[in-house]
Amino acid sequence: MKSRLPKVIIGLFITYVAFVAVIMVFYKPTPDEMDWEDRQAYNQAMLTDLSVGQPIEDIKVIFGKADFSEAKVSDNDTLQILFYRTHHKTSDGQTSKEECTPLLFKQGKLIAWGESSYKQYLESHIDS
């Protein structure tokens, strides 16, 4: 009498391989689940799709949790800045603001992004 054990093992192995293949094809990690290098590359690519006026909620869905954030209320306007890592500078195991691209929001809508926009905002004390 032949043992059914080899057939069972082969069947389980084929099932496992099929399961892994399905996961590999269909699973897309969220930005928060990516390692820093993948997330940095993802953030760089997604910056090209931004549009002025996008709601902050949409940005958070696209980019995930911000690496840093700042906010203030000025002249009854809510101003918020989210920083997302986009470029590597120092291999110290920490993400710094200098390694991030700032996204500026007024009343929950994207009004500008990039280091030069952030510097203009800081230097001129503009609130818009």
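Before any of the text, the structure's been laid out above.
Residues numbered from 1 in each chain as written. Predicted model: local features only at pLDDT ≥ 70, side-chain atom pairs only at ≥ 80, totals over all residues. Heavy atoms only, no water.

**Observations concerning the overall build of the chain**
From N to C terminus, the chain includes four helices and four strands. Taken from the N to the C terminus, the helices and strands of the chain come in the order α-α-α-β-β-β-β-α. Summarising its shape, the C-alpha atoms of the chain cover approximately 85 × 30 × 20 Å along the three principal directions. Within the chain, the proportion of its 128 residues that are buried is 27%. Nonlocal contacts in the chain, meaning residues at least 24 apart in sequence, comprise 48% of its contacts between residues at least 6 apart. Carbon and sulfur atoms make up 59% of the accessible area of the chain, which totals about 9000 Å². Between the centroid of the 14 positive side chains of the chain and the centroid of its 18 negative side chains there is a distance of 12 Å. (Helix = DSSP H or I, 4+ residues; strand = E, 2+ residues; numbered from the N terminus. Buried < 20%, exposed > 50% of the residue type's maximum accessible area, 1.4 Å probe, protein only. Contact = heavy atoms within 4.5 Å. Areas by Shrake-Rupley, 256 points an atom, 1.4 Å probe, with all protein chains shown as cover. Lys, Arg positive; Asp, Glu negative; His and termini not counted. Charge placed at Lys NZ, Arg CZ, Asp CG, Glu CD.)

**Some remarks on the nonpolar core**
The tendency in soluble globular proteins is for nonpolar side chains to be buried side by side. Core analysis: the biggest nonpolar cluster contains 10 residues, these being Leu 47, Leu 50, Ile 56, Ile 59, Phe 63, Leu 82, Tyr 84, Leu 103, Phe 105 and Leu 110. Elements with a contribution of two residues or more to this core: α3 (56–63), β2 (77–85) and β3 (100–106). With three residues, the top contributor of residues to this core is α3. Setting aside residues no more than four positions away along its own chain, Ile 56 makes contact with Gln 80, Leu 82, Phe 105 and Gly 108. Core analysis: the next-biggest nonpolar cluster, separate from the first, contains eight residues, Leu 79, Leu 104, Ala 112 and Tyr 121 among them. (Core = buried A, V, L, I, M, F, W, Y, C linked by side-chain atoms within 4.5 Å.)

**Some points on the sheet that holds strand β4 (residues 109–113)**
Judged by pairing direction, the sheet is antiparallel, and its four strands sit side by side in the order β1-β2-β3-β4 without closing on themselves. If you trace the sheet from one side to the other, it starts and ends with β1 (68–74) and β4, each paired once. Across the sheet, the axes of successive neighbouring strands diverge by a mean angle of 25 degrees, strand direction being ignored. Relative to β3, β2 runs antiparallel, the two sharing seven bridges. If you follow Gln 80 over to β3, its bridge partner there is Phe 105. Across the face of the sheet, α3 comes into contact with β2, β3 and β4 while running at roughly 10 degrees to β2. (Pairing = 2+ DSSP bridges. Axes fitted to C-alpha atoms, helices over the stretch in contact; angles between N-to-C directions.)

**Examining empty space enclosed by the protein**
Rolled over the atoms, a probe sized like a water molecule indicates the empty space that remains. Within this structure, the stated rule accounts for one cavity of 30 Å³ or more. Looking at the largest cavity, the residues that line it are Leu 79, Gln 80, Ile 81, Leu 104, Phe 105, Ile 111 and Tyr 121. Contributions of two or more residues to the lining of the largest cavity are made by β2 and β3. In terms of residues, the lining of the largest cavity owes the most to one element, β2, which gives three residues. Per-class residue counts for the lining of the largest cavity are six nonpolar, one polar and no charged. (1 Å grid on protein atoms, 1.4 Å probe; cavity = no way out; pocket = protein on both sides within 12 Å on 5 of 7 lines; lining within 4 Å. Points joined across faces, edges and corners; volume = space filled by probe spheres on them. Nonpolar A, V, L, I, M, F, W, Y, C, P; charged D, E, K, R; others polar.)

**Regarding the pattern of salt bridges**
Within the structure shown, the criterion is met by five salt bridges. The closest approach of N and O atoms between Arg 39 and Asp 32, which form a salt bridge, is 3.8 Å. Owing to a relative accessible area of 11%, Arg 39 belongs among the buried residues under this scheme. A salt bridge links Glu 99 to Arg 85; the nearest nitrogen and oxygen atoms lie 3.6 Å apart. (Salt bridge = Lys/Arg side-chain N within 4 Å of Asp/Glu carboxyl O.)

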